[in-house]
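Each chain, letter by letter, is given below.
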Amino acid sequence: MEIITNPEAMHQWSRERFRSGKTIGLVPTMGFFHEGHLSLMRKAAEVCDLVVVSLFVNPTQFGPNEDLDRYPRNFERDMALAGQERVAAVFAPTPDLMYPDGFQTEVRVKELAHHLCGLSRPGHFTGVTTVVSKLFHIVQPDVAVFGEKDFQQLAIIRRMVKDLNIGITIIGHPIVREADGLAMSSRNANLDPAHRTAALSLSTALKLTRERVRSGIIDTTVLHRELEAHIHAHPVATIDYVSFVDCETLAAAATVNERTVLALAVKIDGKVRLIDNGFLLEPNAA
Ligand code: PAF
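A brief report on the enclosed structure follows. (Residues numbered from 1 in each chain as written. Predicted model: local features only at pLDDT ≥ 70, side-chain atom pairs only at ≥ 80, totals over all residues. Heavy atoms only, no water.)

### As for the sheet that holds strand β7 (residues 237-246)
Alright, step 1. In spatial order, the strands read β7-β8-β9; together these 3 strands make up an open sheet with antiparallel pairing. What marks the edges here is a single partner per strand, and that holds for β7 and β9 (272-279). Neighbouring strand axes in the sheet, compared pairwise and without regard to direction, differ in orientation by 15 degrees on average.
Alright, step 2. As defined by bridge partners, β7 adjoins strand β8 (residues 260-268) across 9 bridges and the pair is classed as antiparallel. Across the sheet, serine 243 pairs through a bridge with alanine 263, a residue of β8.
Alright, step 3. Of the strands in this sheet, β7, β8 and β9 touch helix α9 (residues 201-214), which is tilted by about 25 degrees from β9. (Pairing = 2+ DSSP bridges. Helix = DSSP H or I, 4+ residues; strand = E, 2+ residues; numbered from the N terminus. Axes fitted to C-alpha atoms, helices over the stretch in contact; angles between N-to-C directions. Contact = heavy atoms within 4.5 Å.)

### Details of a nonpolar patch on the surface
Alright, step 1. A contiguous nonpolar patch, built from Met1, Ile3 and Phe75 and spanning about 270 Å² of accessible area, is present on the exposed surface.
Alright, step 2. One can find isoleucine 3 in strand β1 (residues 2-4). (Patch = residues over 30% accessible without salt bridge, like charges linked within 9 Å, V, L, I, M, F, W, Y side chains within 5 Å. Areas by Shrake-Rupley, 256 points an atom, 1.4 Å probe, with all protein chains shown as cover. Salt bridge = Lys/Arg side-chain N within 4 Å of Asp/Glu carboxyl O.)

### Details of the packing of aromatic side chains
Alright, step 1. The tally for this structure, following the rule as stated, stands at 4 aromatic pairs.
Alright, step 2. Ring geometry for tyrosine 99 and phenylalanine 103: centres 5.0 Å apart, planes at 85 degrees, overall edge-to-face.
Alright, step 3. When the ring of phenylalanine 136 is compared with that of phenylalanine 146, the centres are 6.4 Å apart and the planes differ by 75 degrees; the resulting orientation is edge-to-face. Here phenylalanine 146 lies in strand β5 (residues 143-147) and phenylalanine 136 lies in helix α6 (residues 124-139), a separation of 10 residues in the sequence.
Alright, step 4. Residue phenylalanine 136 is classed as buried on the basis of its relative accessible area of 3%.
Alright, step 5. By relative accessible area, which is 4% here, phenylalanine 146 ends up buried.
Alright, step 6. An aromatic cluster is present here, built from Phe56, Tyr99 and Phe103 joined pairwise through their rings.
Alright, step 7. Looking at arginine 77, its charged tip hangs above the ring of phenylalanine 32, at a distance of 5.4 Å from the centre. (Phe/Tyr/Trp six-rings, centres within 6.5 Å; stacked < 30°, edge-to-face > 60°. Buried < 20%, exposed > 50% of the residue type's maximum accessible area, 1.4 Å probe, protein only. Lys NZ or Arg CZ within 6 Å of the ring centre and 35° of its normal.)

### Here we look at the sheet that holds strand β2 (residues 24-29)
Alright, step 1. Strand order in the open sheet made by the 6 strands is β1-β4-β3-β2-β5-β6, with parallel pairing throughout. Looking at which strands have only one partner, the edges of the open sheet turn out to be β1 and β6 (169-173). With direction set aside, neighbouring strand axes in the sheet form an average angle of 25 degrees.
Alright, step 2. Relative to β5, β2 runs parallel, the two being bridged by 2 bridges. Its bridge partner being in β5, glycine 25 is matched across the sheet by valine 143.
Alright, step 3. Taken strand by strand, helix α3 (residues 75-83) contacts β1, β3 (50-55) and β4 (89-91), and its axis lies near 165 degrees from that of β3.

### A word on helix α7 (residues 151-163)
Alright, step 1. With 13 residues, α7 extends 18 Å from end C-alpha to end C-alpha; this agrees with the ideal 18 Å at 1.5 Å per step.
Alright, step 2. Those residues of α7 lying buried are Phe151, Gln152, Gln153, Leu154, Ala155, Ile156, Ile157, Met160 and Val161. (Expected span 1.5 Å × (residues − 1).)

### Section: helix α1 (residues 7-19)
Alright, step 1. Taking 1.5 Å per residue, 13 residues should reach 18 Å; α1 reaches 18 Å between its end C-alpha atoms and fits that length.
Alright, step 2. Among all positions of α1, only Pro7, Met10, Trp13, Ser14 and Arg17 are buried. Projection of α1 onto a plane perpendicular to its axis shows the buried side chains occupying an angular sector of 120 degrees, all on one side. Along α1, the residues that are exposed and aim more than 90 degrees away from the buried face are Glu8 and Arg19.
Alright, step 3. Taken together, the buried residues of α1 touch β1, β2, β3, β4, α4 (95-98) and α6.
Alright, step 4. Of the residues that open α1, the one with a side-chain oxygen 2.8 Å from the backbone nitrogen of glutamate 8 is asparagine 6.
Alright, step 5. Positioned one or two residues after α1, glycine 21 has a phi angle of 85 degrees, which is positive. (Arc of directions from axis to C-beta. Polar contact = N/O pair within 3.5 Å; in protein donor to acceptor, adjacent residues only side chain to side chain.)

Structure (structure tokens):
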């Protein structure tokens with residue numbers, strides 16, 4: 001497995017592989033790998049000849065009061081984990097190589113960014129779409145694999161790829177969960193073990209809502225009220241949003257149908273912001 005830090009060298013690497021007829025699958029990450037990331041790498045290996053993993057904690061997608069400094073990092077461990085998968089190269093640039101002096105271009109998906117996480121994290125998705133565009137141009141993959149846990153991010157990237165005629169196939173890969181149901185996330189490392197039950201209120205909220213929908217309650221105002229009570233039963237949990245939205249447009253849903261996704265963002269102990277989501281009706285509901 002090669003480790004490449006320079007964007008030019010990465011681009012060259014990909015061009016050579018392309019010329020010899022190889023397909024490339026990109027897995028964009030911010031590191032601190034867990035089983036969720038490894039499952040994305042395996043998916044990319046399933047559909048492409050070569051897998052490139054990018055590892056870059058992108059400063060432009062963090063707001064001034066967010067957790068950029070506290071974002072967990074462990075490069076050595078990440079390399080050891082990626083080395084056990086079929087990964088051909090890791091692209092791990094530094095911020096100054098990605099954003100050299102004079103950098104001033106942004107890629108912005110307008111409307112989809114004005115929902116859910118975009119409301120409490122202004123500028124976040126512009127940071128994401130700009131860096132993902134750069135990664136696409138540098139690595140030139142045939143396929144890119146993203147986790148469905150970042151459901152809004154995936155919807156926005158799909159929109160960007162469509163709008164800008166980017167010839168890359170985007171694959172969304174299902175959420176990987178801990179045995180107790182907590183969606184895997186690098187940020188889970190910052191959770192105080194005493195707050196685990198509160199953190200589980202997101203996955204139990206999804207389970208509870210699916211049961212309520214199955215029993216015939218599809219009015220999202222009613223379901224919303226119940227969910228607030230469920231999450232606020234944990235004093236350390238603060239709701240950022242509990243939203244019932246269309247899976248593609250992210251427009252709010254008044255009643256639940258097959259396209260409705262329940263999306264949740266909850267802050268635990270004012271410090272660790274967790275997200276989770278899922279479809280509520282068969283055949284999409286897990
Ligand atoms: O999902 C992430 O880890 C990041 O938002 C991404 C896509 C790697 C862009 O920095």
